[in-house]
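Report on the structure
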Amino acid sequence: MIGQTQKPIEEILEYLKDNEKIVVVGCGGCATVFHTGGEQEVKEMAEKLSKAGKKVLAGIAPPFGEFTCYAPWSKSRLNQYRKEIEESDAILMLSCGDGVQVVRELILEEEFNITKPIYPGTNPIGHMGGGPTLFKEKCQQCGECELGKFAGICPLTQCAKGLLNGPCGGTNNGKCEVDPERDCAWVKIYERLKALDMLEKMNEIVEPKDWSKMTRPRQIEVAPLELK
Ligand code: SF4
Ligand code: SF4
């Protein structure tokens, strides 16, 4: 999931200072889980904007499970509000940056053929897993997963220095020297390899990461899902 926090209302109002008629769009995916753009947050944002003198033409809150970054869903949902979107001065997106840009490019520009300001209402902080309340960053989508070499623990992400060939000299009682509150990733890898009776893997030299796999922007093509 894309971890995210909501932007302060002051920042949002600064974005919208020249716009009166606003459409607020949330997301039934990560933004609902992180309480930045679910049904409740879209309603609350609409109220805050109204109090600040804006005219909210629509507050669109897709149900849980309907991801705004997935264009087929966004198209079908936003088409129901096409009139309000066309009449608005700006769109406020309570979703991650993927959602903002999918709606801008694939819905507003390509589907509706309109050019209109669109603003982010959240600060995405990366891909993370967990829940229901605590989420942690585990993977940075490096493009070539090497978890098989590290007992299923990603040192690129879990180690503060991203070390791939064992710990630095600063590990102390199982904790990381960069942040003593955090476990040293390499101690965890060692303990798990030991439990798996695979400690010999600690002696294998891991080649430098092929960062060309992270050249951005990346893209991928897949067969379409059949939506029910
Ligand atoms: S190696 Fe780490 S960063 Fe790369 S894909 Fe696997 S878990 Fe993600
Ligand atoms: S103490 Fe462990 S987790 Fe921290 S930087 Fe060194 S090897 Fe990485």
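Residues numbered from 1 in each chain as written. Chains lettered and ligands numbered in written order. Predicted model: local features only at pLDDT ≥ 70, side-chain atom pairs only at ≥ 80, totals over all residues. Heavy atoms only, no water.

**Digging into the overall build of the chain**
Counting its secondary structure elements, the chain contains eight helices and eight strands. On C-alpha atoms alone, the chain measures out to a radius of gyration of 22 Å, which is more than a quarter above the 17 Å that the 2.2 N^0.38 rule sets for 228 residues. Projected onto the principal axes, the alpha-carbon positions of the chain cover approximately 65 × 40 × 30 Å. Put simply, the chain has 228 residues, and 36% of those count as buried. Considering only intrachain contacts with a sequence separation of at least 6, the fraction spanning at least 24 residues in the chain is 70%. Carbon together with sulfur atoms contributes 51% to the accessible area of the chain, which is approximately 13,600 Å² in total. (Helix = DSSP H or I, 4+ residues; strand = E, 2+ residues; numbered from the N terminus. Rg over C-alpha atoms; globule rule 2.2 N^0.38 Å. Buried < 20%, exposed > 50% of the residue type's maximum accessible area, 1.4 Å probe, protein only. Contact = heavy atoms within 4.5 Å. Areas by Shrake-Rupley, 256 points an atom, 1.4 Å probe, with all protein chains shown as cover.)

**Re the layout of surface pockets**
Taken as a whole, the largest pocket holds about 980 Å³ of empty space. Put simply, the parts of the chain that give the lining of the largest pocket at least two residues each are α6 (97–109) and β6 (122–127). Residue composition of the lining of the largest pocket, by class: ten nonpolar, seven polar and four charged. Lining of the second largest pocket is provided by K136, E137, K138, T157, Q158, C159, A160, R182, D183, C184, A185 and K188. Looking at the lining of the second largest pocket, the elements with two or more residues in it are α7 (155–158) and α8 (185–195). Of the residues contributing to the lining of the second largest pocket, the split by class is four nonpolar, two polar and six charged. (1 Å grid on protein atoms, 1.4 Å probe; cavity = no way out; pocket = protein on both sides within 12 Å on 5 of 7 lines; lining within 4 Å. Points joined across faces, edges and corners; volume = space filled by probe spheres on them. Nonpolar A, V, L, I, M, F, W, Y, C, P; charged D, E, K, R; others polar.)

**Structural notes on the domain arrangement of the chain**
For the chain, the domain assignment lists domain 1 (2–128) and domain 2 (138–206). The C-alpha centroid of domain 2 is placed 39 Å from the C-alpha centroid of domain 1. (Domains from an automatic or database assignment.)

**A short note on the packing of helix α4 (residues 71–79) against α6**
Where α4 meets α6, the axes come as close as 10 Å, and the angle between the chain directions of the two elements is 70 degrees. With respect to α6, the axis of α4 lies roughly perpendicular. Seen from above, α4 lies across α6 with right-handed handedness. Residue-level inspection shows A71, S74, K75 and L78 of α4 in contact with α6, the latter providing V102, V103, L106 and I107. In terms of residue class, the contact of α4 with α6 is made up of six nonpolar, one polar and one charged. (Axes fitted to C-alpha atoms, helices over the stretch in contact; angles between N-to-C directions. Parallel < 35°, antiparallel > 145°, perpendicular 65-115°, else oblique. Left-handed = near helix turned anticlockwise from the far one by under 90°.)

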